[in-house]
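# Survey of secondary and tertiary structure
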2 protein chains.
Amino acid sequence: MTTAKRDTYTPETLLSVAVRVFNERGYDGTSMEHLSKAAGISKSSIYHHVAGKEELLRRAVSRALDRLFGILDEDQARTGRAAERLEYVVRRMVEVLIAELPYVTLLLRVRGNTATERWALDRRREFDHRVAELMKAAAADGDVRGDVEVRLATRLVFGMINSIVEWYRPDGRGMGEREVADAVVTLVFGGLRRDG
Amino acid sequence: MTTAKRDTYTPETLLSVAVRVFNERGYDGTSMEHLSKAAGISKSSIYHHVAGKEELLRRAVSRALDRLFGILDEDQARTGRAAERLEYVVRRMVEVLIAELPYVTLLLRVRGNTATERWALDRRREFDHRVAELMKAAAADGDVRGDVEVRLATRLVFGMINSIVEWYRPDGRGMGEREVADAVVTLVFGGLRRDG
């Protein structure tokens, strides 16, 4: 039995509980019953806030996607040389990933079984495409190497950035958001090899 | 009902079916019933080959781990400057990942609920540690930059390499194992920035 607690949730606070459960059990493996237990309120109380678990998924991945697309609208992503804009975007992606860790984690695990999941995958591809365009422009300027195909380079760089969700924990002993963002920018643009 | 087919499996061919099902459904989400249906033989025929699904998991991740640890015993991983050995190991990791794609994919998705999964995670950590030691030696030689902490750099490099399982498909239109391995080595050591 669920120990009923007074429903003091808003759609936003309920969302943070749902995202935690989705990340733990997988979206497919989560039932309204699981959400009800985790939130400590009845299923009908949850239905008072949202139409169902797919709406919670949509709200959660929208939050991650809005933050990611928001980066592309920031001044430093829009003005200056393409290579500098690209560097800014890579740094901000790491910062957003860490600031919105559970939401971005969920977004990256979406697999595409429902309309919402397919929509999220489409939006992710669109974001990847926008960053790939920036990389292409930087290569055309001669600032980024031309010997690695842009689509492949984009995938590998995104792979490095996205892998952070697998091990970064906010209470990590001493490793801050800044240190991780600096390391990613250094490695993505300069590589491991010592210069000179 | 399972359409019974004559059991012509060996432990190895049965393994390839099991790995495919584990990757599709997740290890936790796979029952002996699912394996029996996918293989087209009865559950008791499967038990003739293996003690259960955990044995199949152990054999599958062992195969991936043996190939990965095997790299470290190869001549070029054992002789020469640390930076050259590291470069060789990074290239071979990509090659092994692609050659053993389903097995490495399964290894990377292991989460640690059973004794076999915890053992696999320990072995993965041990492999990561061996590569981190190589990176540390290369930094001590002055060949690898010292401004990114070795453990963090190792995680990010592994993140880039391991992300290949998310998108690489053997029938990929024209993108071969060699092109991917070259791109990873170029980016990991030289970065995106054009030299000079």
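Everything numeric here is computed off the predicted structure, so don't read it as measured data.

### Here we look at the interface of chain B and chain A
- The partner chain A presents 38 residues to the 39 residues of chain B that form the contact.
- Of the roughly 3,500 Å² buried where chain B meets chain A, counting both sides, 63% is carbon and sulfur surface.
- Area buried by chain B at its contact with chain A is led by B:Arg145, B:Leu156 and B:Leu192, which between them contribute 23% of it.
- For the pair chain B and chain A, the interface holds four salt bridges.
- A salt bridge links A:Arg111 to B:Glu166; its shortest N-O distance comes to 3.3 Å.

### Considering the domain arrangement of chain A
Residue and element names in this part refer to chain A.
- Here chain A is partitioned into domain 1 (11-50) and domain 2 (62-190).
- Each of domain 1 and domain 2 was reduced to a C-alpha centroid, and the two centroids are 28 Å apart.
- Facing seven residues of domain 1, the contacting portion of domain 2 comprises eight residues.
- Broken down residue by residue, the surface that domain 1 buries against domain 2 is led by Val19, Asn23 and Tyr27, which jointly contribute 65%.
- Applying the counting rule to domain 1 against domain 2 returns zero salt bridges.

### A word on the packing of aromatic side chains
Residues and elements named next belong to chain A.
- If you walk through the whole model with that rule in mind, you get eight aromatic pairs over all chains.
- Pairing Phe69 with Phe127 gives two aromatic rings, centres 5.5 Å apart and planes at 75 degrees, and the pair type is edge-to-face. In this pair, Phe69 sits in helix H4 (residues 53-73) while Phe127 sits in helix H8 (residues 115-140), placing the two residues 58 residues apart along the sequence. A single burial state applies to Phe69 and to Phe127, both of which are buried.
- Centroid distance Phe127 to Phe158: 6.1 Å. Interplanar angle 80 degrees. Geometry classified as edge-to-face. In this pair, Phe127 sits in helix H8 while Phe158 sits in helix H9 (residues 150-162), placing the two residues 31 residues apart along the sequence.

### Re the UniProt feature "domain: HTH tetR-type" (unreviewed entry) in chain A
- Mapped onto the present numbering, the UniProt feature "domain: HTH tetR-type" (unreviewed entry) falls on residues 8-68 of chain A.
- Overall, residues 8-68 of chain A shows 75% helix and 0% strand. The separation of its end C-alpha atoms is 30 Å.

### Looking at the relation of the copies chain B and chain A
- With an RMSD of 0.0 Å, the fit of chain B onto chain A corresponds to turning through 180 degrees and sliding 0.0 Å along the axis. Such values leave the two copies arranged in the relation of a two-fold axis.
- Taken as a fraction of all interface residues of chain B, those also at the interface in chain A reach 97%, which identifies the copy contact as same-surface.

### Here we look at the UniProt feature "DNA-binding region" (unreviewed entry) in chain A
- Mapped onto this structure's residue numbering, the UniProt feature "DNA-binding region" (unreviewed entry) falls at residues 31-50 of chain A.
- Taken end to end, residues 31-50 of chain A comprises 75% helix and 0% strand; its first and last C-alpha atoms sit 14 Å apart.

### Things to note about the pattern of salt bridges
Residue and element names in this part refer to chain A.
- According to the stated counting rule, one finds 32 salt bridges over all chains in the structure shown.
- In this structure, the salt-bridge partner of Arg67 is Glu100, at a minimum N-O distance of 3.3 Å. Residue Arg67 is located in helix H4, and its partner Glu100 is located in the loop between helix H6 (82-99) and helix H7 (101-109); the two are separated by 33 residues in the primary sequence.
- Given the relative accessible area of 39%, Arg67 is considered partly exposed.
- Look at the salt bridges and you will find they share partners, linking Glu12, Glu55 and Arg59 into a network.

### Regarding the nonpolar core
- With 152 residues, the main nonpolar core has A:Ile164, A:Leu192, B:Ile164 and B:Leu192 as its most contacted residues.
- Ignoring sequence-local partners within four residues, the contact set of B:Ile164 consists of A:Leu156, B:Val94, B:Leu97, B:Ile98, B:Val180 and B:Val184.

### Topic: helix H4 (residues 53-73) of chain B
- Under the 1.5 Å per step criterion, the end-to-end length of H4(B) is 30 Å for 21 residues, consistent within 8% with the ideal 30 Å.
- Burial in H4(B) covers these residues: B:Glu55, B:Leu56, B:Leu57, B:Ala60, B:Val61, B:Ser62, B:Ala64, B:Leu65, B:Leu68, B:Phe69, B:Ile71 and B:Leu72.

### Here we look at the side chain of B:Thr154
Residues and elements named next belong to chain B.
- Its place among the elements puts Thr154 in helix H9 (residues 150-162).
- What makes Thr154 buried here is its relative accessible area of 5%.
- Residue contacts for Thr154: discarding those within four places in its chain leaves Asp128, Ala132 and Met135.

### Focus on the side chain of A:His49
All names here are of chain A.
- Along the chain, the position of His49 falls in helix H3 (residues 43-49).
- For His49, a relative accessible area of 16% corresponds to the buried category.
- Polar side-chain contacts of His49 include one of 3.0 Å to the side chain of Asp7.
- When residues no more than four places from it in sequence are discounted, the contact partners of His49 are Asp7, Tyr9, Thr10, Pro11, Leu14 and Glu55.

### Quick word on the packing of H4(A) against H8(A)
Residue and element names in this part refer to chain A.
- Closest axis-to-axis distance for the H4/H8 pair is 10 Å, and the angle between their directions is 10 degrees. Considering their axes alone, H4 and H8 lie roughly parallel with respect to each other. Contacts between H4 and H8 involve Glu54, Leu57, Arg58, Val61, Ser62, Leu65, Leu68, Phe69 and Leu72 on the former and, on the latter, Ala115, Thr116, Glu117, Trp119, Ala120, Arg123, Arg124, Glu126, Phe127 and Arg130.
- Here the residues of the contact of H4 with H8 sort into 10 nonpolar, two polar and seven charged.

### As for the layout of surface pockets
All names here are of chain A.
- The calculated volume of the second largest pocket comes to roughly 250 Å³.
- In terms of lining residues, the second largest pocket is bounded by Ser16, Val19, Arg20, Asn23, Glu24, Leu101, Pro102, Thr105, Arg109, Val165 and Arg169.
- When residues of the lining of the second largest pocket are assigned to their parent elements, the largest contribution, five residues, is made by helix H1 (residues 11-25).
- Considered class by class, the residues forming the lining of the second largest pocket number four nonpolar, three polar and four charged.
- When residues of the lining of the second largest pocket are sorted by domain, at least three fall in each of domain 1 (11-50) and domain 2 (62-190).

Parameters and conventions
Residues numbered from 1 in each chain as written. Chains lettered and ligands numbered in written order. Predicted model: local features only at pLDDT ≥ 70, side-chain atom pairs only at ≥ 80, totals over all residues. Heavy atoms only, no water. Contact = heavy atoms within 4.5 Å. Buried area = accessible area lost by both parts, 1.4 Å probe. Salt bridge = Lys/Arg side-chain N within 4 Å of Asp/Glu carboxyl O. Domains from an automatic or database assignment. Phe/Tyr/Trp six-rings, centres within 6.5 Å; stacked < 30°, edge-to-face > 60°. Helix = DSSP H or I, 4+ residues; strand = E, 2+ residues; numbered from the N terminus. Buried < 20%, exposed > 50% of the residue type's maximum accessible area, 1.4 Å probe, protein only. UniProt positions renumbered as here; feature names shortened; annotations may be inferred. Least-squares fit on C-alpha atoms with pLDDT ≥ 70 in both. Core = buried A, V, L, I, M, F, W, Y, C linked by side-chain atoms within 4.5 Å. Expected span 1.5 Å × (residues − 1). Polar contact = N/O pair within 3.5 Å; in protein donor to acceptor, adjacent residues only side chain to side chain. Axes fitted to C-alpha atoms, helices over the stretch in contact; angles between N-to-C directions. Parallel < 35°, antiparallel > 145°, perpendicular 65-115°, else oblique. Nonpolar A, V, L, I, M, F, W, Y, C, P; charged D, E, K, R; others polar. 1 Å grid on protein atoms, 1.4 Å probe; cavity = no way out; pocket = protein on both sides within 12 Å on 5 of 7 lines; lining within 4 Å. Points joined across faces, edges and corners; volume = space filled by probe spheres on them.

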